[in-house]
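Chain and residue survey
So the chains spell out like this:
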Amino acid sequence: MADDEVVEVAALHLAVCRRFGRAVQSAHGRWDRRSPCEEWDARGVLEHVIGFHDVLVLRPLDLKPDRPRDDPQARWQLTYEALTVAVESGRAAQRDEYRSMPNLTRDVLVHTWDLARAVGADDRLDQAWCRRLYDGLPADPRALSLSGMFSVPVAVSDESDAQTKLLARLGRDPSWRSETS
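Residues numbered from 1 in each chain as written. Predicted model: local features only at pLDDT ≥ 70, side-chain atom pairs only at ≥ 80, totals over all residues. Heavy atoms only, no water.

**Notes on the layout of surface pockets**
Empty space within the largest pocket amounts to approximately 640 Å³. Lining the largest pocket are 27 residues, and of these C37, H111, M149, F150 and R172 sit closest to its centre. Looking at the lining of the largest pocket, the elements with two or more residues in it are α2 (42-58) and α4 (101-119). The element best represented in the lining of the largest pocket is α4, accounting for seven residues. Its boundaries defined by the atoms lining it, the second largest pocket holds a volume of some 170 Å³. Considering the residues around the second largest pocket, the lining is formed by 12 residues, among which P102, N103, R132, L133 and G136 are closest to the centre. Breaking the lining of the second largest pocket down by element, the ones donating at least two residues are α1 (3-26), α4 and α5 (127-135). Sort the elements by how many residues they give to the lining of the second largest pocket and α4 lands first, with four residues. (1 Å grid on protein atoms, 1.4 Å probe; cavity = no way out; pocket = protein on both sides within 12 Å on 5 of 7 lines; lining within 4 Å. Points joined across faces, edges and corners; volume = space filled by probe spheres on them. Helix = DSSP H or I, 4+ residues; strand = E, 2+ residues; numbered from the N terminus.)

**What about the packing of α2 against α4?**
With their axes 9 Å apart at the nearest point, α2 and α4 run at an angle of 165° to one another. Regarding the angle of α2 to α4, the classification is roughly antiparallel. Handedness of the crossing formed by α2 with α4: left-handed. Residues A42, V45, H48, V49, F52, H53, L56 and V57 of α2 lie in contact with α4, whose contacting residues are M101, L104, D107, V108, H111, D114, L115, A118 and V119. Split by residue class, the contact of α2 with α4 holds 12 nonpolar, three polar and two charged. (Axes fitted to C-alpha atoms, helices over the stretch in contact; angles between N-to-C directions. Parallel < 35°, antiparallel > 145°, perpendicular 65-115°, else oblique. Left-handed = near helix turned anticlockwise from the far one by under 90°. Contact = heavy atoms within 4.5 Å. Nonpolar A, V, L, I, M, F, W, Y, C, P; charged D, E, K, R; others polar.)

**Thoughts on the pattern of salt bridges**
Tallying each qualifying case throughout the model produces nine salt bridges. The residue E47 makes a salt bridge to R75 at a minimum N-O spacing of 2.8 Å. With E47 in helix α2 and R75 in helix α3 (residues 72-88), this pair connects stretches of sequence that are 28 residues apart. For D54, the salt bridge goes to R67, with nearest N and O atoms at 2.5 Å. Of the two residues, D54 sits in helix α2 while R67 sits in the loop between α2 and α3, which places them 13 residues apart along the sequence. When its relative accessible area of 5% is taken as the criterion, D54 is described as buried. Its relative accessible area of 11% is what places R67 among the buried residues. Members of the salt-bridge network, linked through shared partners, are R43, E47 and R75. (Salt bridge = Lys/Arg side-chain N within 4 Å of Asp/Glu carboxyl O. Buried < 20%, exposed > 50% of the residue type's maximum accessible area, 1.4 Å probe, protein only.)

Here it is in structure tokens:
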């Protein structure tokens, strides 16, 4: 990646992580609610996002924070602060893992929707971010589901907005609602 592209990717990732943080703040007291990810409740979504940041970015840079077990919001805030150090210091850009940052960013954005939907919070995502990340997906709509990491794409109208198309392509039902919302 060229230097200006690295800066742009890093800025987008931190912006998406800030948006995820707003969903985390909205989840207070609702961590046990089911999410669109069948295997996780709201807390599971949060822990998954924290975990992949630990493995891909923070541990390799020796920046994994010491987080309290019983405070999900503090857990995310400490993770976000460590990510900010990794990105703003330029240390993250020096790692091979940085090349996977667009995929990591896409996952955080989609999990923002998962968490917000689970807890009945604002689940609107930035359309430009969705368009950019959708455009970066493999040409074959089933390629990601064949990896076993994503569900089969959900059919939506060609006229759907970028958020709906991105979610559907990644196997999310854009009309999914928590039974408690």
